[in-house]
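Results of the structural survey
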Amino acid sequence: MAMSVIFNLAIFIALIYFLYRLQAKYVPFTKRVFAGLGLGIVFGGILQLFYGAGSDIIASSIDYFDIVGRGYVKLLQMIIIPLVMVSIISAILKLNGGSSIGKISGISIGVLVVTTMIAALVGIAWALMFGLTADGLTAGAAEVARGASLETNLGKVESMSFANMVLEFIPANPFLDMTGARKTSTIAVVIFSIFIGLAATGISSKKPEIYASFENFIKVAQAIVMRMVTMVLRLTPYGVLALMTKVISGSNYADIVNLANFVLASYGALFTMFAIHLAIIAFIGLNPLRYLKKVIPVLTFAFTSRSSAATIPLNVQTQEKALGIPNGIANFAASFGATIGQNGCAGIYPAMLAVMIAPTLGINPLDIGFIVTLVAIITISSFGVAGIGGGATFAALIVLSAMDFPVALAGLLISIEPLIDMGRTALNVSGSITAGAVTSKVMGQTDMNVFNDDSPLTLDGEDATA
């Protein structure tokens, strides 16, 4: 191992120790997360400045930083399925049946789909304002390879109908889905958990002793799982430090400058959609500024991790402990939001790509027929992103192939994908939290005492007054 790499690791370990000392002094969780974010930005920037873009020293250092960064994400992924299962089963047992399940699911999915439709319009508007076009974009070796890869995957996308997309959510083998083997595994586990909960409530009057034993088992399982969630979430500041260091030190700023218009338009659209989420929050009678203050930590982690699924545990904790949303609704919204109707990946991104590509094919992107068709396709395909493979890339494949547009042009943006994907992921998670907040408020289940409490988010065993 080179001495430069050892030196970088020594600094990284020192930063981790600093964050540990903040935890030992009971500095609030939110402040520690932002400390990790700030330290990651500064440390990553210094590495980039000192060694230069594409440095082998940085690449070798990142391999070790990933033990903390990617390792933390893997731990979060480890607890997603147990958390979703016990929380949803517990929620159904508390509801004593499925009378409210349909309403919870319907409202949550409805909000996600409607906001994705709005996000598509926002993406179209910003792409038109900046006059974005695929004309003039240059393709290097990486871009050409990416375009070829997209064309290779096109066949799989074109073979998927909307009916097949829906079928992907049904758990033929729930035990396989518990391993996360499919992109739709989270929703499949949700459905399986609903069946377990409904089956249990179905025997509550016929076999009360068995039902009581099962209910007690779920209470014990939930207590253990939630404790495990707390243990993992306490590592969030360290994970954010490592992930942000990797992003900043490994970015190619020359490529970002060359595609500055797309970056600016993308973040303009993302911030516009964030504002729309806050407007929805205000419309349902919640204070948007207080809401924003409470959700910033989970959005920060989503931004750095670039994983909606990995954000589910912190998403649920934030909804329940900071916003006063019941655990069951929080889990439904977080689980659905990680796979259906993603505002950033399935809404804004494919809309902007389509507007960019249209002029190269002689299509006027201002044509009302084009806009209506594009928004309709995006809205329908927002259900199929997870069924195809997840993420913005496959959302773009679905939409562009449905519009009969060349998909290889999407590969021209590969150099700035990580930067844009960070904002898209944060918006996806914001959409899922908005869905949970709306569902809870509509059903009259929001605990306003929790929502109005301005204490910072704390995890079990932490001192909220420190």
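Chains are numbered independently. Their residues run from 1 in the order of the written sequence. Per-residue local features of the predicted model are confined to residues with pLDDT of at least 70, and side-chain atom pairs are confined, for both listing and counting, to 80 or more; whole-chain, interface and lining totals are unaffected and use all residues. As a convention, hydrogens and water are excluded, and side-chain values are obtained from all of the structure's heavy atoms.

An unreviewed UniProt entry lists the protein chain under the name Na+/dicarboxylate symporter, with Enterovibrio nigricans DSM 22720 as the source organism. UniProt positions are given in the numbering used here, feature names are shortened, and annotations may be inferred rather than shown by experiment. Under the UniProt heading Subcellular location (unreviewed entry), the entry covering the protein chain gives this text: "Membrane".

Overview of the overall build of the protein chain
Counting from the N terminus, the helices are the DSSP runs of H or I reaching at least four residues and the strands are the DSSP runs of E reaching at least two. Helix and strand content of the protein chain: 21 helices and zero strands. The burial tally for the protein chain puts 54% of its 466 residues in the buried class. In what follows, residue pairs with any heavy atoms lying within 4.5 Å of each other are defined as contacts. Contacts in the protein chain between residues at least 24 apart in sequence constitute 84% of all its contacts with a sequence separation of at least 6. Note on areas: Shrake-Rupley, 1.4 Å probe, and residue coverage restricted to the protein chains presented here. Total accessible area on the protein chain stands at roughly 19000 Å², and carbon and sulfur atoms take up 66% of it. Throughout this description, buried means an accessible area under 20% of the type-specific maximum (1.4 Å probe, protein chains only), exposed means over 50%, and partly exposed covers the range between.

A short note on the nonpolar core
As used here, the term nonpolar core means buried Ala, Val, Leu, Ile, Met, Phe, Trp, Tyr and Cys residues forming a set that is joined through side-chain atoms within 4.5 Å. Counting 115 residues, the largest nonpolar core has Phe 370 and Leu 374 as its most contacted members. When residues of this core are assigned to their parent elements, the largest contribution, twelve residues, is made by helix α3 (residues 56-95). Residue contacts for Leu 374: discarding those within four places in its chain leaves Ile 124, Ala 351, Ala 354, Val 355, Val 399 and Met 403. In terms of nonpolar packing, the next biggest core, distinct from the first, is built from 15 residues, Phe 12, Leu 15, Leu 19 and Leu 47 among them.

Let's talk about the packing of helix α16 (residues 343-357) against helix α20 (residues 417-442)
Interaxial angles span 0 to 180 degrees and are taken between N-to-C directions of axes, which are lines fitted to C-alpha atoms, for helices over the stretch in contact. Contact pair α16 / α20: the axes reach a minimum separation of 7 Å and the direction vectors enclose 120°. In terms of their interaxial angle, α16 and α20 are classed as oblique. Here Asn 343, Gly 344, Cys 345, Ile 348 and Tyr 349 of α16 come into contact with α20, specifically with Glu 417, Asp 421, Arg 424, Leu 427, Asn 428 and Gly 431. Under this grouping Gly is polar, as are all residues other than the nonpolar Ala, Val, Leu, Ile, Met, Phe, Trp, Tyr, Cys and Pro and the charged Asp, Glu, Lys and Arg. For the contact of α16 with α20, a count of residues per class yields four nonpolar, four polar and three charged. Angle categories: roughly parallel below 35 degrees, roughly antiparallel above 145, roughly perpendicular from 65 to 115, and oblique for all the rest.

Focus on a nonpolar patch on the surface
What makes a patch is a set of residues exposed beyond 30% relative accessible area and free of salt bridges, joined within 9 Å when like-charged and within 5 Å when nonpolar (Val, Leu, Ile, Met, Phe, Trp, Tyr). In what follows, salt bridge is the name for a side-chain nitrogen of Lys or Arg lying within 4 Å of a carboxyl oxygen of Asp or Glu. Residues Met 1, Met 3, Ile 6, Tyr 64 and Ile 67 make up a contiguous nonpolar surface patch of about 560 Å² in total accessible area. Elements that contribute at least two residues to the nonpolar patch include exactly α1 (3-24) and α3. With respect to the helices and strands, the residue Tyr 64 is situated in helix α3.

A word on the pattern of salt bridges
Applying the stated rule across the entire model yields four salt bridges. Taking the shortest distance from any N to any O, the salt bridge between Lys 246 and Asp 66 comes out at 3.4 Å. A residue pair is termed long-range when its members are at least 10 positions apart, and Lys 246 in helix α10 (residues 236-250) and Asp 66 in helix α3 qualify at 180 residues. On the accessibility criterion, Asp 66 (13% relative accessible area) is buried. As a salt-bridge pair, Arg 424 and Asp 421 come within 3.0 Å of each other at their nearest N and O atoms. Of the two residues, Arg 424 and Asp 421 are both situated in helix α20; the distance of three residues between them amounts to about one turn of the helix. Neither residue differs from the other here; Arg 424 and Asp 421 are each classed as buried.

So, helix α2 (residues 29-51)
Here α2 spans 33 Å end to end across 23 residues, near enough to the 33 Å set by a 1.5 Å rise per residue. Positive phi appears at Gly 52, one or two residues downstream of α2, with a value of about 90°. One less than the residue count of a helix, multiplied by 1.5 Å, gives the span that helix is expected to have.

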